[in-house]
Amino acid sequence: MPDGPAQILERLVDQRVTLVLKDTRELSGKLLGSDEHMNVVLDEASERSAETTRHLGRVVLRGSNVVSVFAAHGPPGTSR
Amino acid sequence: MPDGPAQILERLVDQRVTLVLKDTRELSGKLLGSDEHMNVVLDEASERSAETTRHLGRVVLRGSNVVSVFAAHGPPGTSR
Amino acid sequence: MPDGPAQILERLVDQRVTLVLKDTRELSGKLLGSDEHMNVVLDEASERSAETTRHLGRVVLRGSNVVSVFAAHGPPGTSR
Amino acid sequence: MPDGPAQILERLVDQRVTLVLKDTRELSGKLLGSDEHMNVVLDEASERSAETTRHLGRVVLRGSNVVSVFAAHGPPGTSR
Amino acid sequence: MPDGPAQILERLVDQRVTLVLKDTRELSGKLLGSDEHMNVVLDEASERSAETTRHLGRVVLRGSNVVSVFAAHGPPGTSR
Amino acid sequence: MPDGPAQILERLVDQRVTLVLKDTRELSGKLLGSDEHMNVVLDEASERSAETTRHLGRVVLRGSNVVSVFAAHGPPGTSR
Amino acid sequence: MPDGPAQILERLVDQRVTLVLKDTRELSGKLLGSDEHMNVVLDEASERSAETTRHLGRVVLRGSNVVSVFAAHGPPGTSR
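Residues numbered from 1 in each chain as written. Chains lettered and ligands numbered in written order. Predicted model: local features only at pLDDT ≥ 70, side-chain atom pairs only at ≥ 80, totals over all residues. Heavy atoms only, no water.

**Notes on the overall build of chain A**
Piece 1. Secondary structure assignment for chain A yields one helix and five strands.
Piece 2. Walking chain A from its N terminus toward its C terminus, one meets helices and strands in the order α-β-β-β-β-β.
Piece 3. For chain A, buried positions account for 57% of its 80 residues.
Piece 4. Within chain A, counting contacts between residues at least 6 apart in sequence, those at least 24 apart form 32% of the total.
Piece 5. Just so you have it, chain A exposes about 3500 Å², and 49% of that area is on carbon and sulfur atoms. (Helix = DSSP H or I, 4+ residues; strand = E, 2+ residues; numbered from the N terminus. Buried < 20%, exposed > 50% of the residue type's maximum accessible area, 1.4 Å probe, protein only. Contact = heavy atoms within 4.5 Å. Areas by Shrake-Rupley, 256 points an atom, 1.4 Å probe, with all protein chains shown as cover.)

Set out below in structure tokens:
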């Protein structure tokens, strides 16, 4: 399946993405890599909750907490 | 089983579908692909919660958060 | 085991079934197929919550959300 | 292990059992079969919650919702 | 590992044990057997919640609900 | 990886450890053994909740409830 | 994938990291090692909740409770 989840994640590498977590927090950063569990590495990441923004730098996220990953709005090369 | 879950998901590719998540949010978009964990890729996706609609573009959803997938109402080729 | 869960689900194919989900919602529809994770496909499905009924058409349900599946009341061929 | 969980479940086949679910509901019925995930089939099942009893007939229960299975009180052949 | 979890559970067979479940209920009974998922069989089991005791007889418990298993206080042969 | 989780747990055998569970309870005892699921056996264990201490003796804990394991404060041979 | 989650975690070994858990607690310490489940070992760890800091020393954390791991702010060698 050429447009399966793993392929799409691979194509998003080096793009800025937004990641929604189960606890509703959102992280944005440049996607460095991911694996078959949807564990994800973001670079220059920041976390946005209701009232604050926190800069995390390079962060490894465990896939079991991930709800969705999508290209951050704005950059060239996204599908919208 | 010719009408098993994997086969039906494959037949829904390129159709507009609605996806219900465990946290009751719903996403609609064109189904690009899926895998054996029910990880799903939607294109031109938008997320509808009780009071807002948010445009996400192309989004990868982790299967563990998915409750159900069904053909969006209206388009030709659905089973109703 | 001739009356194991997989065998019973196979025998329910093409019958109308009711499906209870973890979030207490119930869906009814014709069982099209299922797999070893208890992912299920219903046709002509409708979802009944406390106050509304929603027609979904053909729907793929992720097994991890399923509590139980039983033959809908009324049709010939059920075991009661 | 001659008295392991799988062996005991097999010996309970065709006996009336009570099944406790994670959401505290209880189902009683004749055990038709089970599998290695503790998915269970009950025949002539009824579900008892705090205030109501609902007759379900033959029902397939997903093991991930099961807390415990024990022989219903009263019938001959139980271990008490 | 001679004192690993599986070995200790095997040595507890035929002793009275107490089992703590995730929903804080506790069951006591004679341990008949267990398996690699920590599914457990108790004989002559009783369940103790805050205000009641319920006699269950022989009961199969799904391991995913188990928090801990320990030798019931009092009998000879326990490690305390 | 010489300092991976399994290696560290093995080196903690026969030392007094504290175990934090998902439900925030803490158990202390001598670590007898563990396995690849982080199922753990403690000897001479006691459980400390907000207001009480309960002596459990030898206890098998299911890994899925474990958050963390660390050397109890005080004994020689810990890393602090 | 040279920048996959496992590779990044390996490169963080011997650096000070912060670990966010599902229950929102945060632990900081020197990363000693990790495995494919994202079980993690921290040395000289301390746990920070809303109002207290607790020194834990060397601690093994079960991966299923981990949300994210990132290089603690300040030390040389981090990616920001």
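**Topic: the pairing of strand β1 (residues 16-21) of chain E**
Residues and elements named next belong to chain E.
Piece 1. Burial analysis of β1 places five of its six residues in the buried class, the great majority of the element.
Piece 2. Note: β1 against strand β2 (residues 26-34), five bridges, orientation antiparallel. Across the sheet, the residue bridging to Val17 is Gly29, located in β2.
Piece 3. The antiparallel hairpin formed by β1 and β2 contains four residues in its connecting segment, where Thr24 sits at a positive phi of about 75°.
Piece 4. Bridge analysis of β1 against strand β5 (residues 66-71) gives five bridges, and the strand direction is antiparallel. Paired with Leu19 across the strands is Val69, a residue of β5. (Pairing = 2+ DSSP bridges.)

**Observations regarding the interface of chain D and chain C**
Piece 1. On the chain C side, the residues contacting the 22 residues of chain D number 24 residues.
Piece 2. For the pairing of chain D and chain C, the buried interface totals around 1900 Å² over both sides, and the portion due to carbon and sulfur atoms is 58%.
Piece 3. Contact with chain C buries surface across chain D, with D:Arg58, D:Val60 and D:Arg62 losing the most and accounting together for 35% of the total.
Piece 4. Our enumeration of links across chain D and chain C arrives at one salt bridge.
Piece 5. Between C:Glu26 and D:Arg54 there is a salt bridge; the shortest N-O distance is 2.7 Å.
Piece 6. Summed over the shared surface of chain D and chain C, the result is six residue pairs in polar contact (both at pLDDT 80 or more).
Piece 7. Elements with a contribution of two residues or more to the side of chain D that touches chain C: β2 (26-34), β3 (40-48) and β4 (53-61) of chain D.
Piece 8. For the side of chain D that touches chain C, the element with the most residues is β4(D), which contributes eight residues.
Piece 9. When grouped by side-chain class, the residues that make up the side of chain D that touches chain C number nine nonpolar, six polar and seven charged. (Buried area = accessible area lost by both parts, 1.4 Å probe. Salt bridge = Lys/Arg side-chain N within 4 Å of Asp/Glu carboxyl O. Polar contact = N/O pair within 3.5 Å; in protein donor to acceptor, adjacent residues only side chain to side chain. Nonpolar A, V, L, I, M, F, W, Y, C, P; charged D, E, K, R; others polar.)

**Regarding the pattern of salt bridges**
Opposite charge on two side chains lets them pair, provided their charged atoms get close.
Piece 1. For the structure on display, the rule yields 49 salt bridges over all chains.
Piece 2. With a shortest N-O distance of 3.4 Å, G:Arg58 and G:Asp43 are connected by a salt bridge. Placement of the pair is G:Arg58 in strand β4 (residues 53-61) and G:Asp43 in strand β3 (residues 40-48), with a sequence separation of 15 residues.
Piece 3. Sharing partners across several salt bridges, the network here consists of A:Asp23, A:Arg25 and A:Glu47.

**Remarks on a positive patch on the surface**
Piece 1. A cluster of basic residues, A:Lys22, B:Lys22, C:Lys22, D:Lys22, E:Lys22, F:Lys22 and G:Lys22, forms a positive patch on the protein surface.
Piece 2. Summarising the element assignment, F:Lys22 is placed in the loop between β1 (16-21) and β2 (26-34).
Piece 3. When its relative accessible area of 45% is taken as the criterion, F:Lys22 is described as partly exposed. (Patch = residues over 30% accessible without salt bridge, like charges linked within 9 Å, V, L, I, M, F, W, Y side chains within 5 Å. Lys, Arg positive; Asp, Glu negative; His and termini not counted. Charge placed at Lys NZ, Arg CZ, Asp CG, Glu CD.)

**Notes on the confidence of the model for chain A**
Piece 1. Chain-level statistics for chain A give a pLDDT mean of 89 and a share of 89% at 70 or above.
Piece 2. Contacts from residues 74-80 of chain A, a stretch scored under 50 in pLDDT, to residues over four places away or in other chains number 13 contacts. (pLDDT = per-residue confidence, 0-100.)

**Brief notes about the interface of chain B and chain A**
Piece 1. Tallying the contact residues gives 22 residues for chain B and 23 residues for chain A.
Piece 2. Considering only the side of chain B, the residues that lose the most area to chain A are B:Arg58, B:Val60 and B:Arg62, jointly responsible for 35% of the buried surface there.
Piece 3. At the boundary of chain B and chain A, one finds one salt bridge.
Piece 4. Linking chain B with chain A are six residue pairs in polar contact (both at pLDDT 80 or more), by the criterion used here.
Piece 5. The set of elements that each furnish at least two residues to the side of chain B that touches chain A consists of β2 (26-34), β3 (40-48) and β4 (53-61) of chain B.
Piece 6. In terms of residue count, the dominant contributor to the side of chain B that touches chain A is β4(B) (eight residues).

**Concerning the environment of A:Ser68**
Piece 1. Mapped onto the elements of the fold, A:Ser68 is located in strand β5 (residues 66-71).
Piece 2. With a relative accessible area of 5%, A:Ser68 lands in the buried category.
Piece 3. Put simply, A:Ser68 and A:Val20 are 48 residues apart on the chain and 5.3 Å apart in space, counted from C-alpha to C-alpha.
Piece 4. Non-local contacts of A:Ser68, meaning those with residues more than four positions away in its chain, are made with A:Thr18, A:Leu19, A:Val20, B:Val59, B:Val60 and B:Leu61.

**Regarding the environment of G:Lys22**
Piece 1. Distance from G:Lys22 to G:Ser64, taken between C-alpha atoms, is 8.6 Å for residues 42 residues apart in sequence.
Piece 2. When residues no more than four places from it in sequence are discounted, the contact partners of G:Lys22 are A:Asn65, G:Ser64, G:Asn65 and G:Val67.
Piece 3. Among the polar contacts made by the side chain of G:Lys22, one reaches the main-chain carbonyl oxygen of G:Ser64 at a distance of 3.3 Å.

**What about the pairing of strand β4 (residues 53-61) of chain E?**
Piece 1. As defined by bridge partners, strand β5 (residues 66-71) of chain D adjoins β4(E) across three bridges and the pair is classed as antiparallel. Bridging across to β4(E), D:Ser68 finds its partner in E:Leu61.
Piece 2. As paired strands, strand β3 (residues 40-48) of chain E and β4(E) are joined by seven bridges and run antiparallel to one another. Within β4(E), the position partnered with E:Val41 by the bridge is E:Val60.
Piece 3. The turn linking β3(E) back onto β4(E) is made up of four residues.

**Looking at the side chain of G:Ser28**
Piece 1. One can find G:Ser28 in strand β2 (residues 26-34).
Piece 2. A polar contact is formed between the side chain of G:Ser28 and the side chain of G:Thr18, at a distance of 3.3 Å.

**Quick look at the environment of C:His55**
Residue and element names in this part refer to chain C.
Piece 1. For His55, the position within the fold is in strand β4 (residues 53-61).
Piece 2. What makes His55 exposed here is its relative accessible area of 54%.
Piece 3. On a C-alpha basis, the gap between His55 and Leu27 in space is 9.6 Å, while along the polypeptide they are 28 residues apart.

**A few points about the side chain of D:Ser46**
Residues and elements named next belong to chain D.
Piece 1. Tracing the sequence through the fold places Ser46 in strand β3.
Piece 2. Residue Ser46 is classed as buried on the basis of its relative accessible area of 18%.
Piece 3. With residues near it in sequence (within four places) discarded, Ser46 still touches Glu26, Leu27, Ser28, Thr53, Arg54, His55 and Leu56.

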